[in-house]
Amino acid sequence: NYIWNGTFSAAVWTSCPAWILWDLLTSSRYGFGDHIDTSQLDKWAFFAASKYSNELVDDGFGGQEIAEVLELYRKALFELRSAITRAEELRRALSHRDREIEELQSLVAEFNRIKPKSGELAEISSLISRMESVEELRIASSGALNALDNEEGGANQSLASAKRLLSSAKSKDEILDEFVERIDNALVEINELNRELSRYLEGLAADPRSLDELLNRRAGLIEARVQGHAFQI
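Residues numbered from 1 in each chain as written. Predicted model: local features only at pLDDT ≥ 70, side-chain atom pairs only at ≥ 80, totals over all residues. Heavy atoms only, no water.

Now for the overall build of the protein. A tally of helices and strands in the protein yields eight helices and two strands. Shown N-terminal to C-terminal, the secondary structure of the protein runs as helices and strands in the order α-α-β-β-α-α-α-α-α-α. Here the protein holds 233 residues, and 19% of them are scored as buried. Residue pairs at least 24 apart in sequence account for 58% of intrachain contacts in the protein once pairs closer than 6 positions are excluded. (Helix = DSSP H or I, 4+ residues; strand = E, 2+ residues; numbered from the N terminus. Buried < 20%, exposed > 50% of the residue type's maximum accessible area, 1.4 Å probe, protein only. Contact = heavy atoms within 4.5 Å.)

Below is the structure:
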């Protein structure tokens, strides 16, 4: 705590921010002295600010420190703690990012290994269902084929007999003629159905090795879909 009479002495070094600002405002060599006159400034206000900046306050450790210096220390300590907190947050974020990158790389590797195709899982499931039920399918389709093309009582023979009977009265009634035409269309459809059923029977297979391969492939596709939710398979 000191008294000042308002007179400036020779320039000396100082760390007081109030008088440093005064020096910058009034110096014509490195400040604004050519534009600001000391009469425009309130030196007593600068003096009061200087006293505040140099006031001794408790430093928190049982001693005293200049207020301005203590404030700078507190600010630096706060910035240090903030920097440490931020560094820890960045470290956690980088660790999380590294885990995400590893997971993505694992998914890409699994995708490249499986090489799934669009709709493949549904197609494989259908093939497996067919191969697991091949005997039932063969009995059902064989019976249907026999019912359509049995020489003694098949649908094909029954329609042919009906056509012959109706043809005996051809051109005598337009309604009967229309029935004959419809029977002709039905015979064409049944013959095509016979051919398709025959091809279906020929294509039925129950190779255990093929079934095992399909089961393994389906298991791999299901696992890939569970792990990589975006895989469209």
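There's more to say after this.
With that settled, the discussion passes to the packing of helix 6 (residues 155-167) against helix 7 (residues 174-203). In the contact formed by helix 6 and helix 7, the axes pass within 10 Å of each other and the chain directions differ by 160°. When the axes of helix 6 and helix 7 are compared, the pair comes out roughly antiparallel. Along this stretch, helix 6 crosses helix 7, giving a crossing that reads as left-handed. Listed contacts from helix 7 to A155, N156, L159, A160, A162, K163, L166 and S167 of helix 6 are L176, F179, V180, I183, D184, A186, L187, I190, N191 and N194. Here the contact of helix 6 with helix 7 is composed, by residue class, of 12 nonpolar, four polar and two charged. (Axes fitted to C-alpha atoms, helices over the stretch in contact; angles between N-to-C directions. Parallel < 35°, antiparallel > 145°, perpendicular 65-115°, else oblique. Left-handed = near helix turned anticlockwise from the far one by under 90°. Nonpolar A, V, L, I, M, F, W, Y, C, P; charged D, E, K, R; others polar.)

Attention shifts here to the packing of aromatic side chains. Scanning all chains against the criterion turns up 10 aromatic pairs. Each ring, one from W4 and one from F47, has its centre 5.5 Å from the other, and the planes form 40°; the classification is tilted. Within this pair, whereas W4 is found in the segment before helix 1 (17-26), its partner F47 is found in helix 2 (residues 43-53), the two being separated by 43 residues in sequence. Here W4 and F47 have matching classes, each one buried. With a centroid separation of 6.0 Å and 75° between ring planes, the pair formed by W19 and W22 is classed as edge-to-face. Residue W19 and its partner W22 are both found in helix 1; the two are separated by three residues, about one turn of the helix. (Phe/Tyr/Trp six-rings, centres within 6.5 Å; stacked < 30°, edge-to-face > 60°.)

Core analysis: the biggest nonpolar cluster contains eight residues, these being W4, C16, A18, W19, W22, L25, F46 and F47. Among the secondary structure elements, those contributing two or more residues to this core are helix 1 and helix 2. Ranked by the residues each element gives to this core, the list is headed by helix 1, at four residues. What C16 contacts, discounting residues up to four positions off in sequence, is S50 and N54. (Core = buried A, V, L, I, M, F, W, Y, C linked by side-chain atoms within 4.5 Å.)

A few words on the layout of surface pockets. In this structure, the largest pocket occupies an estimated 530 Å³ of space. Together, 17 residues line the largest pocket, and F8, S9, A11, V12 and W19 are the ones closest to its centre. A per-element tally of the lining of the largest pocket places helix 1 first, with five residues. When grouped by side-chain class, the residues that make up the lining of the largest pocket number 12 nonpolar, four polar and one charged. (1 Å grid on protein atoms, 1.4 Å probe; cavity = no way out; pocket = protein on both sides within 12 Å on 5 of 7 lines; lining within 4 Å. Points joined across faces, edges and corners; volume = space filled by probe spheres on them.)

This part takes up a nonpolar patch on the surface. Together, I20, L24 and Y30 give the surface a local cluster of nonpolar side chains, amounting to about 260 Å² of exposed area. Its location among the elements puts I20 in helix 1. (Patch = residues over 30% accessible without salt bridge, like charges linked within 9 Å, V, L, I, M, F, W, Y side chains within 5 Å. Areas by Shrake-Rupley, 256 points an atom, 1.4 Å probe, with all protein chains shown as cover. Salt bridge = Lys/Arg side-chain N within 4 Å of Asp/Glu carboxyl O.)

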